[in-house]
Amino acid sequence: MTLKKSVLLAAAMLSVSSVAAHAAGTLEATKERGHVLCGVSPSSAGFAYADDQGKVQGLDADICRAVSAAVFADGDKVEFIPTNTNTRFQALQSGEIDILSRQTTHTFSRDNSLGLNFGPIVFYDGQGVMVPKDLGVESAYDLDGAAVCILPGTTTQQNLSDFFRTNNISFESVVFENTDEWRNAFFSGRCDVLTSDRSDLASTKAVANDPSAYVVLPETISKEPLGPVVRHDDDQWLDILTWSVYALIFAEENGITQANVDEMLNSENPEIQRFLGTTGELGKQLGLNDDWAYQIIKSVGNYGEIFNRHLGPDTPLGLSRAQNKLHTDGGLLYSPPFR
Amino acid sequence: MSINRQTKSAQATSWSSLFYDERVRAILYQVLAVVGVALVAYFLWFNAATNLRQQNIASGFDYLGLEAGFEISDRLIEFSPADSYARALLVGLLNTIYVSLLACVLCTFLGTFIGVLRLSPNPLLSKLMLIYVEIMRNIPLLLHLFFWYTIIVFIFPPVREALQLAPGVYISNGGFYVPVLEWSFDHTMLLITLIASMVVAYFTNKWAIQKRIKTGEKVRIWPVHLAIITLPLALAYFLFTPEFNWNFPELGRFRFSGGGRITAEFAALLIGLTLTATANVAEIVRSGIQSVNKGQWEAARSLGLKGNRVMKSVILPQALRVIIPPLTSNYLNVTKNSTLAIAIGYPDLVMVSNTTMNQTGQAIEGIAIFMAVYLGLSLLTSVAMNWYNGRVALKGR
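What counts, and where the lines are drawn
Residue numbers run consecutively from 1 along every chain, following the written order of its sequence. Whichever chain is written first is A, and whichever ligand is written first is 1; the rest continue in order. Per-residue local features are limited, in this predicted model, to residues with pLDDT of at least 70; the limit for side-chain atom pairs, both in listing and counting, is 80 or more; totals at the level of whole chains, interfaces and linings are taken over all residues. The basis for the side-chain values is all heavy atoms of the structure; hydrogens and waters are excluded. Put simply, DSSP marks the helices as runs of H or I at least four residues long and the strands as runs of E at least two long, and each gets a number from the N terminus on. Two things to know: the radius of gyration comes from C-alpha atoms, and the globule rule equals 2.2 Å times the number of residues to the power 0.38. Type-normalised accessible area, obtained with a 1.4 Å probe on protein chains alone, sets the label of each residue: buried when under 20%, exposed when over 50%, and partly exposed for intermediate values. Any two cysteine sulfur atoms lying within 2.5 Å of each other are counted as a disulfide. Any two residues having at least one pair of non-hydrogen atoms within 4.5 Å are treated as being in contact. Two parts placed together each lose some accessible area under a 1.4 Å probe, and adding up what both lose gives the buried area. Definition used for salt bridges: Asp or Glu carboxyl oxygen within 4 Å of a side-chain nitrogen of Lys or Arg. In protein, a polar contact requires one atom able to donate a hydrogen and another able to accept it; more generally it is a pair of N or O atoms within 3.5 Å, and residues adjacent in sequence count only if both atoms are side-chain atoms. Grouping into patches uses exposed residues only, defined as over 30% relative accessible area, and leaves out salt-bridged ones; the cut-off is 9 Å for like charges and 5 Å for nonpolar side chains (Val, Leu, Ile, Met, Phe, Trp, Tyr). For every accessible area listed, the method is Shrake-Rupley and the probe measures 1.4 Å; residues are considered covered only by the protein chains on display. Asp and Glu count as negative and Lys and Arg as positive, but His and the ends of the chain are not part of the count. Each charge is placed at NZ for Lys, CZ for Arg, CG for Asp and CD for Glu. Orientation is described by axes fitted as lines to C-alpha atoms, over the contacting stretch for helices, and by angles from 0 to 180 degrees between their N-to-C directions. Orientation is classified from the angle alone, with under 35 degrees giving roughly parallel, over 145 giving roughly antiparallel, 65 to 115 giving roughly perpendicular, and any other angle giving oblique. Handedness of a crossing is defined here by the sense of rotation of the near helix relative to the far one, left-handed for an anticlockwise turn of less than a right angle and right-handed for a clockwise turn. Gly falls in the polar group here, along with every residue not listed as nonpolar (Ala, Val, Leu, Ile, Met, Phe, Trp, Tyr, Cys, Pro) or charged (Asp, Glu, Lys, Arg). By definition, two strands form a pair when at least two bridges between them are found by DSSP. UniProt positions are given in the numbering used here, feature names are shortened, and annotations may be inferred rather than shown by experiment.

Account for the overall build of chain A, naming residues and giving values.
Check the secondary structure of chain A and you find 15 helices and 13 strands. In terms of C-alpha radius of gyration, chain A reaches 21 Å, essentially the compact-globule figure of 20 Å for 339 residues. Taking the principal axes of the C-alpha coordinates as reference, chain A spans close to 60 × 50 × 40 Å. Per-residue burial over chain A gives 60% buried out of 339 residues.

Next up, the structure:
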């Protein structure tokens, strides 16, 4: 099944039509098509998860909605395409999707050998390990000999090997292609340990029958900066993605929210005026309308609103902002100025 | 002048007649077809290479020498994350061969057994086998694998609470644990002795049969065989005096150490592959036996041969001719179907390739490698089976 898929993708890369698909001009192609092609996780609570109306919800999904709002002045012109960890980059390379927004870690080799470009980090994460509470384990260093369930082709697979190698801990790796099989193997006790990004562990824990029976250990064994990805050959499209993300952060820095964005149009602050397009022509420089940023905030809100909606304390995931606070609050989020 | 013209037209006719010659045309078409295929292949390769270069995607097979950096737990040879991608692929390949070979052997025995039972005059027995065959071969293999894996993982307890079946034998959802013999040089020598005496016994047996055919004299061969097998073995035993130390699995904090182990993933894959292939082999054997003319049974019985003997000496040799070719394609299917291992977490070649492709991003090379490997495996199987088929096929007379 996945084999077939990867063969198909390879075939797509070999085919003539891919030449046309790769030529710059993703923006034009997207406008013509009428929607953004967005590769997301098939089911990851808080990041991309179909709600009871079948609408894809989450931080990753809202990044694509922001781009859609910037391009079409409508946040819902997005086609969400589920991708797995193994074929996501090929899907992007071959033009099956135009943005990959799928809890993807920004790494050197992904950036440089895959023909990809990363947008700004939208979630600062780190790899953690989760165990059943009744195992009585308090630290990742106590895990010598444990069976670990892993997803293939993720940075976590390598991090884990590195971490255990450095600390001389042996382990049994059980690798699953499919997220559901991976979770089931852990919940059934086939593996003692589940490892992934801490946010992913939180979302897995949230869907367990009894979330309180599992505990995420304190160690963070790697840096996992997650960000959206686009193809290497289209600077304009990369700029649109990059500044759409910065727009979310800038709006939070300046207290612009989904609710008050219309009032903000009357703001006296020249930078906010430029940002919302009431003065200046920032949008033109991206090949968009000048109200592009207004449309983004109007349809998805600012970064803080998105975070609280999908990941924050009031959600089943219950994550705190931690590193994902604004720089002014001691976090890592920072937007370059809009001028 | 006129002579000149004649030669010219003669030449023309010879050229055009050459063009209309059926054999020449056949060759011409073949050459054109080969050139066409080669051009298409070149175009695809060139296009892919250009695309990869334009997109700044690395290509080539250099990555095979890099450090893999991931762990493969279920393996037949030593492997650590510090080893190269090439070695990781080798681990995957050996796993693929191991599980396919076992499934082929098991399905041949079980399938023959069930195929013969399908023809049993006992209606209960034959109907039961019919039900087995129809259920097994009509459910997609992938569902089989999920089914068996889910059964194993959810029914058996986690390793820490493993069920003890016998001293040293445990079962859990992590796998099946048994004590294993601590193998040494002495054991190897014993095994070699046993194999050598079996080879000798094979030839003495052949000699006895030849003699019986030639002279009609029946040699009491079994005491000779007994001597050939046991005497050297006893001698070797006293010579090498191997120690029989058993290595028992012991439960640590998280898993067993020592002993032998069959993982849950391997077990589920082997069960799924074997059960579906068995159903196919059963049908192949049944149809093979039924293809033998009724007259052959009657002729054999009228010669006074007993039931088993009829099957063994008259029916099966003739049925084999019909059985072998579809059996070959069944073996090929088993090998290829083992790629579904990826769904239940058994690290076969495809899974390792997929991980490799993902870490390096070199999908085209990765897929080229495993396509070449599966093609190679399939061709090897075909060659071996065709050789065997040639031996049992009807000789022209």
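Picking up after the structure, the text goes on.
Break down the state of the cysteines for me, with residues and values.
Residues and elements named next belong to chain A. Enumeration over the complete set of coordinates arrives at two disulfides over all chains. Each sulfur of the disulfide joining Cys38 and Cys64 lies 1.9 Å from the other. On the sign convention where negative means left-handed, the S-S torsion of about 75 degrees between Cys38 and Cys64 marks this disulfide as right-handed. Taken together, the residues Cys38 in strand β1 (residues 36-40) and Cys64 in helix α4 (residues 59-72) connect sequence positions 26 residues apart. One exposure class covers both Cys38 and Cys64, and it is buried. In this model, Cys149 is linked to Cys191 through a disulfide, with the two sulfur atoms separated by 1.8 Å. Classification of the bridge connecting Cys149 and Cys191 rests on its S-S torsion, roughly 60 degrees, and on that basis the disulfide is right-handed. A residue pair is termed long-range when its members are at least 10 positions apart, and Cys149 in strand β8 (residues 147-150) and Cys191 in the loop between α8 (179-187) and β10 (193-197) qualify at 42 residues. Overall, the relative accessible area of 0% leaves Cys149 in the buried class.

Just give me the short version of the interface of chain B and chain A, but keep the residues and values in it.
Taken together, the contact between chain B and chain A spans 53 residues of the former and 52 residues of the latter. Overall, the association of chain B and chain A removes approximately 4400 Å² of surface from exposure, summing both partners, and the carbon and sulfur fraction of that is 54%. Looking at the side of chain B facing chain A, the largest losses of area belong to Gln55(B), Phe254(B) and Asn358(B), adding up to 16% of the total buried there. The interface formed by chain B and chain A contains four salt bridges. Linking chain B to chain A there are 10 residue pairs in polar contact (both at pLDDT 80 or more). The set of elements that each furnish at least two residues to the side of chain B that touches chain A consists of α2 (22-54), α5 (141-155), β8 (260-263), α8 (264-290), α11 (349-360) and α12 (363-392) of chain B. In terms of residue count, α11(B) provides more of the side of chain B that touches chain A than any other element does, seven residues in total.

Report on the environment of Ala48(B), specifying residues and quantitative values.
All names here are of chain B. With respect to the helices, strands and loops of the structure, Ala48 is situated in helix α2. Look at Ala48 and you get buried, because its relative accessible area is 6%. C-alpha separation for the pair Ala48 and Ile364, spaced 316 residues apart in sequence, amounts to 8.8 Å.

Give a description of a positive patch on the surface that names residues and reports values.
Residues and elements named next belong to chain B. Taken together, the side chains of Arg212, Lys218, Arg309 and Lys312 define a basic patch exposed on the protein surface. Residue position: Arg212 is located in helix α6 (residues 185-215). Residue class for Arg212 comes out partly exposed when judged on its relative accessible area of 45%.

Give me the packing of α8(A) against helix α9 (residues 198-206) of chain A: which residues, what numbers.
All names here are of chain A. Put simply, α8 and α9 touch, their axes get as near as 12 Å, and they point 70 degrees apart. With respect to their mutual orientation, α8 and α9 come out roughly perpendicular. When the axes of α8 and α9 are compared, the crossing they make is right-handed. Only Asp200, Ser203 and Thr204 of α9 make contact with α8, whose side of the interface consists of Trp182, Arg183 and Phe187. By residue class, the composition of the contact of α8 with α9 is two nonpolar, two polar and two charged.

So what's going on with the side chain of Ser378(B)? Which residues, and what values?
Residues and elements named next belong to chain B. One can find Ser378 in helix α12. When its relative accessible area of 14% is taken as the criterion, Ser378 is described as buried. Setting aside anything within four residues of it in sequence, one finds Ser378 in contact with Leu332 and Lys336.

So what about the packing of α11(B) against α12(B)? Which residues, and what values?
Residues and elements named next belong to chain B. For the pair α11 and α12, the least separation of the axes is 9 Å and the interaxial angle reads 165 degrees. Judged by the inter-axis angle, α11 sits roughly antiparallel to α12. Here α11 runs over α12; the crossing is right-handed. Residues Leu349, Val350, Ser353 and Met357 of α11 touch α12, and the partners they reach there are Ala363, Gly366, Ile367, Phe370, Val373 and Tyr374. Per-class residue counts for the contact of α11 with α12 are eight nonpolar, two polar and no charged.

Describe in detail the pairing of β8(A), supporting the description with residues and values.
All names here are of chain A. Going residue by residue along β8, you find Ala147 and Cys149 tucked away on one face and Val148 and Ile150 tucked away on the opposite face as well. Pairing analysis gives four bridges linking β8 to strand β9 (residues 172-175), with the strands arranged parallel. Along β9, the bridge assignment pairs Val148 with Ser173. Pairing of β8 with β10 involves two bridges; the strand directions are parallel. Of the residues in β10, the one forming a bridge with Cys149 is Leu194.

Explain the environment of Thr381(B) to me, and be specific about the residues and the numbers.
Residue and element names in this part refer to chain B. Relative to the elements of secondary structure, Thr381 occurs in helix α12. C-alpha of Thr381 to C-alpha of Ser329: the two residues are 52 residues apart in sequence and 9.1 Å apart in space. In this structure Thr381 touches Tyr331 and Leu332, once residues within four positions along its chain are discounted.

Requested: an account of α8(A), with residues and values cited.
Among all positions in α8(A), only Thr179(A), Glu181(A), Trp182(A), Arg183(A), Ala185(A) and Phe186(A) are buried. Packed against the buried residues of α8(A) are β7 (123-132), β8, β10, α9 and β11 (214-216) of chain A together with α5 of chain B. Between the side-chain oxygen at the start of α8(A) and the backbone nitrogen of Asp180(A) there is a gap of 2.7 Å, and the oxygen is on Asn178(A). Once α8(A) ends, the next one or two residues include Gly189(A), with phi positive near 95 degrees.

Which residues make up the UniProt feature "transmembrane region" (unreviewed entry) in chain B, and what values go with them?
Residue and element names in this part refer to chain B. The sites that carry the UniProt feature "transmembrane region" (unreviewed entry) are, in the present numbering, residues 26-45, 97-120, 141-159, 189-209, 221-240, 260-282 and 367-388. What you have in residues 141-159 is 79% helix and 0% strand, and the ends, taken at the C-alpha atoms, are 27 Å apart. Its end C-alpha atoms 31 Å apart, residues 189-209 is made of 100% helix and 0% strand.

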